[in-house]
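The residues making up each chain are set out below.
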Amino acid sequence: MVSQLVSTTLVGVEARFVRVEVDLATGLPGVHVVGLPDTAVGESIHRVRSALRSVEKPLPPRRVTVNLAPGDLRKEGPRFDLAIALGVLGAGQHFPPESLEDSVVLGELSLDGGLRPVRGVLNTALAMREKGLRRLLLPQENLAEVIWVEGLELWPAASLGQLLGWLRGESRRPPVAVARALAPLKTDAPGRLDEVVGQPMGRLALEVAAAGGHHLLWVGPPGCGKTLLSRCLPELIPDLAEGEAVEVAAVRSALGQSGVPERAAPLAEPHCRISATALLGGQLPGEVSRAHRGVLFLDEVTEFARDSLEGLRTAMESGWVEVGRARQRWRYPARFQLVAACNPCPCGFFGDPLRPCGCPLARRKAYLGKLSGPIRDRLDLQVLLARPGARECWALPQGDSRLSRQRVAGARLRQKERGCLNRDLSRAFFQETGEVDADGWDFLFDYATRNQLSARAMEKLLRVARTLADLGDRPSVGDDELGQAVHFRCLDRFE
Ligand SMILES: [Zn+2]
């Protein structure tokens, strides 16, 4: 007797369907798993054996063959435990096998028959919705990830015994209350930005970055508040749309973290010693994908490995990372906003009025030179931060993050009408739309001539000025906005 069930495996963040076939045949007793299983799938037989004993349906003394199809798809992890156990029970006629038609089965078993959560349950639910599969048997602990997915019949269970009772009609399945939509998250509560003392330039830069989606670089000595300011950026970014929140949650679910969709923009802050694989991804999504639709904060950015920064550049261009070798490749979403931070020089005190810097010019240049040109080109905002003075440290925090959030939301709305974030505005946009007034052009050409700016640098100024105008609800960009924008170009001064 052969039974067939459907389960899924993860390829990147995408769930692919796997048919689990179990055959009980006469012959020497034993279990054989075929279909390119990795070692974790092989181990699952031991767990299945114990779990079956716990429901008093021990593995029959037959030749058991488990086939995972398609055979050329790599299967990983203990996620097939439940499907294999139910396959054995179905083949042994312990429940009517047709009761699992249209169903997908996911879950890891413990030795006593309990069900443990697995990765990628949300990704599975999304794939099912696309394919029109209806019913999902899943571990109770994974329920929160998928409870809001419409059109699915969810069977969350705590153990194999519980599921078997339902399938045999011995006990009634409790109804699952399906949540309709994601709750809006951002409230009017004050944020962390309200705790920041001083740093008016830093706050303005955050507001501009949040409004226009601009990538941002802080340059400043140790202890000037680069990290604190960076961590405030996600709270200024407007709530994610439902589709975006689901994309973010699917990455987390594939990582085995909570896959419950949230409206808040995520923040990832990897350490500078991180490997390129952990940053960009491998078999699992990397930090750049954890920052998808949110903020990637790289402190000490000049200390990151060269190949890491190179991979970062590709992700910033396309919004995706592709990793792996010829036979196995994974593609992960990575549309993040970069916030990078570095010292002005190796010792950290170049430009400090009180502490002298002992770094020779060549070393200073080499230090900032580690930020390659193509990445630098994408950093619209380059902000010089100074260490707060003694008096400033004791001042009361100023400003109101709620007002900042309102201004950002307004600026985003104006960009939506224009069709893209200001960080993606092209040169042609400014040439064709007449959004820069005559005074603005005069100022720009004059400033660019005096400071020998490249065309690309002028573009950056225009984009930042456009965001400043949006924040102030002004229709066109003038010399005021451009005059403010030139303060966000501190790298010029270092070269
Ligand atoms: Zn120095």
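Scroll up to find the structure this text is about.
Figured I'd write up the structure that's included with this text. (Residues numbered from 1 in each chain as written. Predicted model: local features only at pLDDT ≥ 70, side-chain atom pairs only at ≥ 80, totals over all residues. Heavy atoms only, no water.)

A look at the sheet that holds strand 9 (residues 153-157)
- Here 3 strands make up an open sheet; going across it, the order is 5-8-9 and the pairing parallel. Strands at the two margins of the open sheet, each flanked by one partner only, are strand 5 (103-105) and strand 9. Recorded for the sheet is a direction-independent mean angle of 20 degrees between the axes of neighbouring strands.
- Sheet analysis places strand 8 (residues 135-139) next to strand 9, joined by 5 bridges and oriented parallel. Opposite Leu136, over in strand 9, you have Leu154 as the bridge partner.
- Packing against the sheet, helix 3 (residues 121-131) makes contact with strand 5 and strand 8, and its axis sits at approximately 175 degrees to strand 8.
- On top of the sheet, helix 5 (residues 160-167) reaches strand 8 and strand 9; it is set at about 135 degrees to strand 9, its chief contact. (Pairing = 2+ DSSP bridges. Helix = DSSP H or I, 4+ residues; strand = E, 2+ residues; numbered from the N terminus. Axes fitted to C-alpha atoms, helices over the stretch in contact; angles between N-to-C directions. Contact = heavy atoms within 4.5 Å.)

Quick word on the coordination of the zinc ion
- On the protein side, the zinc ion has Cys345 (SG), Cys347 (SG), Cys357 (SG) and Cys359 (SG) as donor atoms, found 2.2 to 2.4 Å from it.
- What the 4 donor atoms of the zinc ion show is an angle range of 105 to 115 degrees at the metal, which sorts the shape as tetrahedral.
- Donor residues for the zinc ion, ordered by position in the chain, follow C-x1-C-x9-C-x1-C.
- Its relative accessible area of 9% is what places Cys359 among the buried residues. (Donors = N, O, S within 2.8 Å, 3.2 Å for Na, K, Ca; no water. Tetrahedral: all angles 85-135°; square planar, octahedral: opposite > 155°, others 65-115°. Buried < 20%, exposed > 50% of the residue type's maximum accessible area, 1.4 Å probe, protein only.)

What about the sheet that holds strand 1 (residues 2-11)?
- The 4 strands are arranged 1-2-4-3 in an open sheet whose pairing can be described as mixed. Either end of the sheet is taken by a strand with one partner, and the two such strands are strand 1 and strand 3 (30-34). Each strand of the sheet is rotated relative to its neighbour by a mean of 20 degrees, with strand direction disregarded.
- Pairing of strand 3 with strand 4 (residues 63-69) involves 5 bridges; the strand directions are parallel. Each bridged residue has a counterpart across the sheet, and for Val33 the counterpart in strand 4 is Val66.

Observations regarding helix 5
- Among the 8 residues in helix 5, 6 count as buried, and that is most of the element.
- Leu160, Leu163, Leu164, Gly165, Trp166 and Leu167 are the residues of helix 5 that are buried.
- At its buried positions, helix 5 is contacted by helix 1 (39-54), helix 2 (81-91), strand 6 (108-109), strand 7 (115-116), strand 8 and strand 9.
- Among the residues trailing helix 5, Gly169 stands out with phi positive, at a value near 75 degrees.

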